[in-house]
Amino acid sequence: MAARTVIELDTVRKAYPDGTVAVEGLSFSVREHEVLALVGPSGCGKSTTLRMVNRLVEPTSGRILLDGEDVTATDPVALRRRIGYVIQNVGLFPHRTVEANIATVPGLLGWDRRRTRARVSELLDLVGLPAATYAKRYPHELSGGERQRIGVARALATDPPVLLMDEPFGAVDPEFRRHLQTEFQRIQRETGTTVILVTHDIDEAARLSDRITVLSRGGKLEQVASPLAVLAHPASERVRDFIGDGSASRMLALARVQTVDLEGADRIVEPAPPPVRLGARLTDAFEAVAALPGSAMGRVPVVGESGDVVGSLTADGILGALRRAADAAGGDAGAADIQDAVDNVPGREPAV
Ligand SMILES: Nc1ncnc2c1ncn2[C@@H]1O[C@H](COP(=O)(O)OP(=O)(O)OP(=O)(O)O)[C@@H](O)[C@H]1O
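The following refers to the structure shown. Quantities reported herein were computed from a predicted structural model and do not represent experimental measurements.

So, on to the environment of Ala 291. Structurally, the position occupied by Ala 291 is in the loop between α13 (282-290) and β12 (300-303). Between the alpha carbons of Ala 291 and Val 239 there is a distance of 33 Å; along the sequence they are 52 residues apart.

Side chains that differ in charge, positive against negative, can pair when their charged atoms come close. Applying the stated criterion across every chain, the model contains 20 salt bridges. Its salt-bridge partner being Asp 10, residue Arg 63 comes within 4.0 Å of it at the nearest N-O pair. Note that Arg 63 is positioned in strand β4 (residues 61-66) and Asp 10 in strand β1 (residues 5-15), a separation of 53 residues in sequence. A salt bridge links Arg 238 to Glu 222; its shortest N-O distance comes to 2.7 Å. Here Arg 238, found in helix α11 (residues 237-243), pairs with Glu 222, found in strand β10 (residues 220-225); they are 16 residues apart in sequence, far enough to count as distant. Via salt bridges that share partners, Arg 4, Glu 32, Asp 67 and Arg 82 belong to a single interconnected network.

All right, on to the sheet that holds strand β13 (residues 309-313) then. Strand order in this open sheet of three strands is β11-β12-β13, and the pairing throughout is mixed. Two strands in the sheet have a free side with no partner beyond their single neighbour: β11 (276-277) and β13. Note that β11 and β12 share two bridges and pair parallel. Directly across from Arg 277, in β12, lies its bridge partner Val 303.

Applying the stated criterion across every chain, the model contains three cavities of 30 Å³ or more. The space that makes up the largest cavity amounts to roughly 90 Å³. Lining the largest cavity, in full, are Val 127, Gln 148, Arg 149, Val 152, Phe 169, Leu 180, Glu 183, Phe 184 and Ile 187. Listed by contribution, the elements that provide at least two residues to the lining of the largest cavity are α7 (144-155) and α8 (174-191). Of all the elements, α8 adds the most residues to the lining of the largest cavity, at four residues.

This brings us to the packing of α7 against α8. As a packed pair, α7 and α8 sit with axes 11 Å apart at the nearest point and diverge in direction by 20°. If you check the angle between α7 and α8, you find them roughly parallel. As α7 packs across α8, the resulting crossing turns out to be right-handed. Packed against α7, whose contacting residues are Gly 145, Gln 148 and Arg 149, the element α8 presents Phe 176, His 179, Leu 180 and Glu 183 at the interface. For the contact of α7 with α8, a count of residues per class yields two nonpolar, three polar and two charged.

Going from Glu 270 to Pro 271, the amide bond is cis rather than trans, its omega being 0°. Following the sequence through the fold, Pro 271 ends up in the loop between α12 (247-254) and β11. Despite not being glycine, Asp 159 has its phi angle at roughly 55°, a positive value. By the element assignment, Asp 159 lies in the loop between α7 and β7 (162-166). Residues other than glycine seldom take positive phi values, yet Glu 167 does so here, at roughly 45°. Within the secondary structure, Glu 167 sits in the loop between β7 and α8.

Regarding α13, the residues found buried are Leu 282, Ala 285, Phe 286 and Val 289. The buried residues of α13 occupy an angular sector of 100° when projected down its axis, which confines them to one face.

Contacts to the ligand come from Tyr 16, Asp 18, Thr 20, Ala 22, Pro 41, Ser 42, Gly 43, Cys 44, Gly 45, Lys 46, Ser 47 and Thr 48. A distance of 2.6 Å is found between an oxygen atom of the ligand and a side-chain nitrogen or oxygen belonging to Ser 42. The separation between an oxygen atom of the ligand and a polar main-chain atom of Ser 47 is 2.9 Å. When the ligand sits alone it has 630 Å² of accessible area, and the protein chains cover 61% of it. Taken together, the residues that form the shell around the ligand break down as four nonpolar, six polar and two charged.

Relative to the assigned elements, Ser 209 resides in the loop between α9 (202-208) and β9 (211-216). Ser 209 sits in the buried class, given a relative accessible area of 8%. Reaching out from Ser 209, the side chain makes a polar contact with the backbone oxygen of Ala 205 at a distance of 2.7 Å. Polar side-chain contacts of Ser 209 include one of 3.2 Å to the backbone oxygen of Arg 211. Not counting residues up to four positions away in its chain, the partners in contact with Ser 209 are Val 35, Leu 36, Ala 37 and Pro 227.

A cluster of like positive charges, contributed by Arg 178, Arg 207, Arg 256, Arg 277 and Arg 281, occupies part of the molecular surface. By the secondary structure assignment, Arg 207 is in helix α9.

Our next topic: the environment of Thr 48. With respect to the secondary-structure elements, Thr 48 resides in helix α1 (residues 46-53). By relative accessible area, Thr 48 is classed as buried at 10%. Counting along the chain gives eleven residues from Thr 48 to Pro 59, while the straight-line C-alpha distance between them is 9.1 Å. If sequence neighbours within four positions are ignored, Thr 48 has contacts with Lys 14, Tyr 16, Ala 22, Val 23 and Val 57.

What counts, and at which threshold
Residues numbered from 1 in each chain as written. Predicted model: local features only at pLDDT ≥ 70, side-chain atom pairs only at ≥ 80, totals over all residues. Heavy atoms only, no water. Helix = DSSP H or I, 4+ residues; strand = E, 2+ residues; numbered from the N terminus. Salt bridge = Lys/Arg side-chain N within 4 Å of Asp/Glu carboxyl O. Pairing = 2+ DSSP bridges. 1 Å grid on protein atoms, 1.4 Å probe; cavity = no way out; pocket = protein on both sides within 12 Å on 5 of 7 lines; lining within 4 Å. Points joined across faces, edges and corners; volume = space filled by probe spheres on them. Axes fitted to C-alpha atoms, helices over the stretch in contact; angles between N-to-C directions. Parallel < 35°, antiparallel > 145°, perpendicular 65-115°, else oblique. Left-handed = near helix turned anticlockwise from the far one by under 90°. Contact = heavy atoms within 4.5 Å. Nonpolar A, V, L, I, M, F, W, Y, C, P; charged D, E, K, R; others polar. Buried < 20%, exposed > 50% of the residue type's maximum accessible area, 1.4 Å probe, protein only. Arc of directions from axis to C-beta. Near = heavy atom within 4 Å. Polar contact = N/O pair within 3.5 Å; in protein donor to acceptor, adjacent residues only side chain to side chain. Areas by Shrake-Rupley, 256 points an atom, 1.4 Å probe, with all protein chains shown as cover. Patch = residues over 30% accessible without salt bridge, like charges linked within 9 Å, V, L, I, M, F, W, Y side chains within 5 Å. Lys, Arg positive; Asp, Glu negative; His and termini not counted. Charge placed at Lys NZ, Arg CZ, Asp CG, Glu CD.

Shown next as structure tokens:
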């Protein structure tokens, strides 16, 4: 069964009063429970698009539907209760405790104290910041990453079906950013919230989203497709430019080792190197092959769930897996494109 459409943009245009056309003829839809990344170069209209969904910005023309209902015909306050919103610098109220910040929307909805307190505690657990330690703190008593997590907790307070996130991990250092991304993924899977995630970072989009929407200057739609399809088959020169180098290594991180990519276990040379797991990311398989000593003849054992060796994998197997993944992602890019991309994978040389 096809997933239900939750948000639909239909030929949306936004011209600001000074004449800047931020978004032009933009149409795309977001399916229930998916994470849709909105990417593109600076100033291409990502934030404007996001803010039109919750009516912080009004479209000049076109329609935006939430559950089939035109948002411009919906009371903005009621609308924003159905849509969580997380921005880069969070915007927590500085003179309110963490608890009071998270309880903002429940308070507006008239929840009683017990229900609110229970929800705050549940959300703090969800974002990994226990209430006993954090509920009574003020925003200035938190690290940047913790503030970010409180921002997510606040946005999720009334369990909105839709969450809009504008560069939510932008203000934190790269290592912690990775941690927050993983946490976000866990929370999103747990809650099933439909998410639009604005980011200028193609790696973040590839890692976190089910589909990527690429915009170019003036808010024009260039491509909507799965991360693998965008990386393997960029729809235009502008998408290619935006992605830049490194598509192949990004694809390796998305595709997985499958049985069809394997050769026989009987070809493994003893003493065997450490095995790779069936279903592992191709990146891990690639690193394993690249690290092989010459004596292993470029071949790693592959083990199944029970730990039994189910076959062996070589650099050619990995290349085949990458081609298969790219083909499965659709489009008609030739094998040469993929070969070209694979040739640019750092560390490929020693693997062959
Ligand atoms: N209030 C405004 N008045 C006039 N122009 C605006 C206004 N807000 C945004 N713009 C312009 O609209 C265009 C799109 O801006 P927007 O913030 O949506 O882009 P973005 O893709 O989110 O950018 P970034 O990645 O840099 O945050 C830009 O040219 C910007 O200067």
